Amino acid sequence: MDPIIVGADGSRHSLRAVDWAAGEAALRGAPLRIVHAVAPWLYDRNVDPRLVAVREWLLAGGQEVIGAAIEAARTRAPGIDVDGDMVPAGASRALVERARDASLIVVGSHGMGSVAGLLLGSSALQVVTHTPVPAVVVRHVEPVDRGEVAVGVDGPPLGDPALAFAFEEAGLRGARLRAVHVWSDPGAVDLGGMTPLVYDADVIGVEHTRRLNDALAVWRDKYPDVEVVTEVVHGRPVRILSGVSARCDLLVVGSRGRGGFAGLILGSVSHGLLHHAHCPLAVVPSGR
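Criteria and cut-off values
- Residues numbered from 1 in each chain as written.
- Predicted model: local features only at pLDDT ≥ 70, side-chain atom pairs only at ≥ 80, totals over all residues.
- Heavy atoms only, no water.
- Phe/Tyr/Trp six-rings, centres within 6.5 Å; stacked < 30°, edge-to-face > 60°.
- Helix = DSSP H or I, 4+ residues; strand = E, 2+ residues; numbered from the N terminus.
- Buried < 20%, exposed > 50% of the residue type's maximum accessible area, 1.4 Å probe, protein only.
- Salt bridge = Lys/Arg side-chain N within 4 Å of Asp/Glu carboxyl O.
- Expected span 1.5 Å × (residues − 1).
- Axes fitted to C-alpha atoms, helices over the stretch in contact; angles between N-to-C directions.
- Parallel < 35°, antiparallel > 145°, perpendicular 65-115°, else oblique.
- Left-handed = near helix turned anticlockwise from the far one by under 90°.
- Contact = heavy atoms within 4.5 Å.
- Nonpolar A, V, L, I, M, F, W, Y, C, P; charged D, E, K, R; others polar.
- Pairing = 2+ DSSP bridges.
- Core = buried A, V, L, I, M, F, W, Y, C linked by side-chain atoms within 4.5 Å.
- Polar contact = N/O pair within 3.5 Å; in protein donor to acceptor, adjacent residues only side chain to side chain.

Asker: Sorry if this is basic, but what is going on with the packing of aromatic side chains here?
Answerer: The geometry of an aromatic ring pair is captured by two quantities: the separation of the ring centres and the angle between the planes. One pass over the full model with this rule turns up 2 aromatic pairs. Relative to Trp219, the ring of Phe167 has its centre 6.4 Å away and its plane inclined at 25 degrees; by these criteria the two rings are stacked. Of this pair, Phe167 sits in helix α5 (residues 160-173) while Trp219 sits in helix α6 (residues 201-222), and the two are 52 residues apart along the sequence. A residue is classified by how much of its surface remains accessible, and Trp219, at 13% relative accessible area, is buried.

Written out as structure tokens, the structure reads:
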């Protein structure tokens, strides 16, 4: 089983991410690997002798961060396989490199500040953008068990990886799955492929509902024990999905898409949800 990677920087927010990741490791029976990024110069043998004491102090502090994170993980999920180490690299690079051999990467949110020591919108955005595996950003709000996973659905084939991850999560948790499709324009619905200037929202909604059910069909067959509820909503994806996230345990979206719901290019909807989701947010690479 490939490990779950979680970033830790010693803050209470990163410890919340460790707690979430430990619970996920227990659900999946996967090992948990804790990564603490440190400045590369700390491992430079030719460092200025005047900085040796500082280096030793910083390395000792890093070991304390890892020790506290391991203890938190074992408290959350006794018996899991958990280990951690310091990586001499920038935080985003350290996490993305470790993600290559992982099943999932987890970082913690620090409001408008940092994500596991990363700046939300810069390094954190790089992690979510470049990781080859699903990335979960754990919000700083207190977790509440609502028994529901939600997924934003664009449509096959780009929506398939997010749906696969969402159904898997719902199945592992014994949770209900809420599949939400948000549309902001009707798309090309006439024979000429042109978007109509005037349209009936109810009629367009029926067509989007049909498409949503088509996208879900194969996954319903694969996960017959997962209860699925659907929502088709006309509006702004970030606002709608942010509202949905306040009522679920995990929100899943794809990293990019095409038009309509979530023109899902990271930096628009996914980026917006990094700031506004009220629960852990999983961003699943579309090419997964």
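Here the narrative resumes.
Asker: I keep staring at the pattern of salt bridges and nothing clicks. Help me out?
Answerer: Two side chains bearing opposite charge may form a pair once their charged atoms approach each other closely. Scanning the entire structure with this criterion turns up 16 salt bridges. Across the pair Arg98 and Asp85 runs a salt bridge, and its minimum N-O distance is 3.1 Å. In this pair, Arg98 sits in helix α3 (residues 91-99) while Asp85 sits in strand β3 (residues 82-88), placing the two residues 13 residues apart along the sequence. Arg98 gets classed as partly exposed once you look at its relative accessible area, which sits at 31%. A relative accessible area of 30% places Asp85 in the partly exposed class. Its salt-bridge partner being Arg210, residue Glu207 comes within 2.5 Å of it at the nearest N-O pair. You can see Glu207 and its partner Arg210 sitting in helix α6, 3 residues apart, about one turn around the helix. Through salt bridges with shared partners, a single ionic network connects Glu24, Arg28, Glu168, Glu169 and Arg173.

Asker: Is there a simple way to think about α5 in this case?
Answerer: Three- or four-residue spacings in an α-helix give side chains the same orientation, since the helix completes a turn every 3.6 residues. In this model, α5 (14 residues) spans 20 Å end to end at C-alpha, consistent with the 20 Å of a helix rising 1.5 Å per residue. Those residues of α5 not exposed but buried are Pro161, Ala162, Leu163, Ala164, Phe165, Ala166, Phe167, Glu169 and Ala170.

Asker: What exactly am I supposed to notice about the packing of helix α1 (residues 12-28) against helix α2 (residues 52-76) here?
Answerer: Between two packed helices, the angle of one axis relative to the other and the distance separating the axes together describe the packing. Put simply, α1 and α2 touch, their axes get as near as 8 Å, and they point 45 degrees apart. One finds that α1 runs oblique with respect to α2. The hand of the α1/α2 crossing is right-handed. Every residue of α2 that contacts α1 at Leu15, Val18, Asp19, Ala22 and Gly23 is listed here: Ala68, Ala69, Ala72, Ala73 and Arg76.

Asker: Sorry, what's going on with the packing of α1 against α5 here?
Answerer: α5 packs onto α1 with a crossing angle of 80 degrees between their chain directions and a minimal axis gap of 10 Å. Judged by the angle between their axes, α1 and α5 are roughly perpendicular. Across the interface between the two elements, Trp20, Glu24, Leu27 and Arg28 from α1 touch Phe165, Glu168, Glu169, Leu172 and Arg173 from α5. Taken together, the residues of the contact of α1 with α5 break down into 4 nonpolar, no polar and 5 charged.

Asker: Which parts of the structure should I look at to understand the sheet that holds strand β10 (residues 228-234)?
Answerer: Note on sheets: strands pair through backbone hydrogen bonds, and any given pair is parallel or antiparallel. Read from one edge to the other, the open sheet built from 10 strands follows the order β3-β2-β1-β4-β7-β12-β11-β8-β9-β10, with strand pairing classed as mixed. The outermost strands of the open sheet, each flanked by one partner alone, are β3 and β10. Shown here is a sheet whose adjacent strand axes are inclined to one another by a mean of 20 degrees, direction ignored. The pairing of strand β1 (residues 4-7) with strand β4 (residues 104-108) spans 3 bridges and is parallel. Directly across from Ile4, in β4, lies its bridge partner Leu104. The strands touched by α2 are β2 (32-38) and β3; relative to β3, the strand with the most contacts, the crossing angle is about 155 degrees. Against the sheet, α5 contacts β4, β8 (148-152), β9 (176-183), β10, β11 (250-254) and β12 (281-284), and its axis sits at roughly 160 degrees relative to β11.

Asker: Is there a simple way to think about the nonpolar core in this case?
Answerer: Across soluble globular proteins, nonpolar side chains have a tendency to be buried as a group. Counting residues in hydrophobic clusters, the biggest one holds 51 residues, and the most contacted among them are Leu32, Val106, Val151 and Val252. In terms of residue count, α5 provides more of this core than any other element does, 7 residues in total. Val35, Val180, Leu241 and Val244 belong to the second-largest nonpolar core, a separate cluster that totals 33 residues.

Asker: It is not clear to me how the side chain of His36 should be interpreted in this structure. Could you clarify?
Answerer: Mapped onto the secondary structure, His36 falls in strand β2. Within the structure, the side chain of His36 is placed 2.9 Å from the backbone oxygen of Ala8, a separation counted as a polar contact. In contact with His36, not counting residues within four places along its chain, are Ala8, Asp9, Gly62, Val65, Ile66, Asp85, Met86 and Val87.

Asker: Can you walk me through α1 in this structure?
Answerer: In a regular helix each residue adds 1.5 Å, so 17 residues correspond to 24 Å; α1 covers 24 Å between its end C-alpha atoms and thus fits that length. Every buried residue of α1 is accounted for by His13, Ser14, Ala17, Val18, Trp20, Ala21, Ala22, Gly23, Glu24, Ala25 and Arg28. Of the residues flanking the end of α1, it is Gly29, one or two places downstream, whose phi is positive at about 65 degrees.

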